Amino acid sequence: QVQLVESGGGLVQAGGSLRLSCAASGRIFSINTMAWYRQAPGKQRELVASVSSGGSTNYADSVKGRFTISRDNAKNTVYLQMNSLKPDDTAVYYCNADINSSRWSTRGVYWGQGTQVTVSS
């Protein structure tokens with residue numbers, strides 16, 4: 001039983017900022033990669049950013065230099081700081097985590113319910 005809960009979405013003007021948070025809870029031994037995806041209307045879900053257990057990050061070209069992903073391992077939480085937001089960033093943002101549920105490396109990939117980010121022009 002693992003649950004990912006996102007927060008921090010909302011409506012913001014172009015050029016503004018938002019910080020998304022995603023907290024994992026339940027049966028968790030360790031968390032491997034955590035990531036943020038997004039899905040805009042009429043489009044497929046795409047990877048926005050990811051962060052490994054060691055802190056290595058990757059970003060989609062469209063957000064590089066504007067977004068920052070980070071994690072707090074003590075809190076089982078991943079963040080996405082979004083600056084200089086554009087209307088094209090409008091989407092439902094989903095948290096994703098690859099989780100080991102026990103010391104025996106029982107692994108599963110989990111998704112949050114999504115949080116809406118709307119950027120107005």
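Notes on the structure in this doc start here. Per-chain numbering applies: the sequence of each chain, read as written, is numbered from 1 onward. Residues qualify for local features only when their pLDDT is at least 70, as the model is predicted, and side-chain atom pairs are given and counted only at 80 or more; totals for whole chains, interfaces and linings, by contrast, use all residues. For side-chain calculations, the full set of non-hydrogen atoms in the structure is used, while hydrogens and water are omitted.

### Focus: the pattern of salt bridges
Any Lys or Arg side-chain nitrogen found within 4 Å of a carboxyl oxygen on Asp or Glu counts as a salt bridge. The tally for this structure, following the rule as stated, stands at four salt bridges. Among the ionic pairs, Arg66 bridges to Asp89, the shortest N-O distance being 2.8 Å. Placement of the pair is Arg66 in the loop between β6 (57–59) and β7 (67–72) and Asp89 in the loop between β8 (77–82) and β9 (91–100), with a sequence separation of 23 residues. The burial state of Arg66 is the same as that of Asp89; both residues are buried. Salt bridges sharing common partners tie together Arg38, Glu46, Arg66 and Asp89. Going along the chain from the N terminus, every DSSP run of H or I of four or more residues is numbered as a helix, and every run of E of two or more is numbered as a strand. Here the term buried applies to any residue with accessible area under 20% of the maximum for its type, exposed to any over 50%, and partly exposed to those in between, with areas from a 1.4 Å probe on protein chains only.

### Remarks on the nonpolar core
For our purposes a nonpolar core is just a set of buried Ala, Val, Leu, Ile, Met, Phe, Trp, Tyr and Cys residues, chained together by side-chain atoms within 4.5 Å. Of all hydrophobic cores here, the largest spans 29 residues; its most connected members are Trp36, Val48, Phe67, Val78, Leu80, Met82 and Tyr93. Among the secondary structure elements, those contributing two or more residues to this core are β1 (2–7), β3 (18–26), β4 (30–39), β5 (46–51), β7, β8, β9 and β11 (115–120). Ranked by residue count, the leading element in this core is β9, at five residues.

### Description of the environment of Gln116
Within the secondary structure, Gln116 sits in strand β11. Overall, Gln116 belongs to the partly exposed group, its relative accessible area being 40%. Through-space distance from the C-alpha of Gln116 to that of Glu6 is 9.9 Å; in sequence the pair is 110 residues apart. Apart from residues no more than four positions distant in its own chain, Gln116 is found in contact with Gly9, Gly10, Thr90, Ala91 and Val92. Among the polar contacts made by the side chain of Gln116, one reaches the main-chain carbonyl oxygen of Ala91 at a distance of 3.5 Å. Throughout, a residue-residue contact means that at least one pair of heavy atoms, one from each residue, lies within 4.5 Å. Think of a polar contact as two N or O atoms within 3.5 Å of one another; within protein, one of them needs to be a possible hydrogen donor and the other a possible acceptor, and neighboring residues in sequence only count if both atoms come from side chains.

### Notes on the environment of Lys43
Looking at the element boundaries, Lys43 is found in the loop between β4 and β5. By relative accessible area, Lys43 is classed as exposed at 59%. Expressed as a C-alpha distance, the spacing of Lys43 and Gly9, which sit 34 residues apart in the sequence, is 19 Å.

### Here we look at the state of the cysteines
Cysteine sulfur atoms are paired as a disulfide whenever they fall within 2.5 Å. On inspection of all chains with the given rule, the structure shows one disulfide. What pairs with Cys22 in a disulfide is Cys95, and their sulfur atoms sit 2.1 Å apart. Taking the sign of the S-S torsion, -85° for the link of Cys22 and Cys95, the bridge is left-handed. Here Cys22 is found in strand β3, whereas its partner Cys95 is found in strand β9, with 73 residues between them in sequence. There is no split in this pair, since Cys22 and Cys95 are both buried.

### Thoughts on the pairing of β4
Looking down a regular strand, the side chains alternate between one sheet face and the other. For two strands to be treated as a pair, DSSP must find at least two bridges joining them. Summarising the sheet, β4 and β9 pair through eight bridges and their orientation is antiparallel. By the bridge assignment for β9, Ser30 is matched with Asn100. Of the strand pairs in this sheet, β4 and β5 are connected by five bridges, and their pairing is antiparallel. Across the sheet, the residue bridging to Met34 is Val51, located in β5. Turn length for the β4-β5 hairpin, with the two strands adjacent in sequence and antiparallel, is six residues, and the turn residue Gly42 shows positive phi of about 75°.

That's the geometry; what it means functionally is another story.
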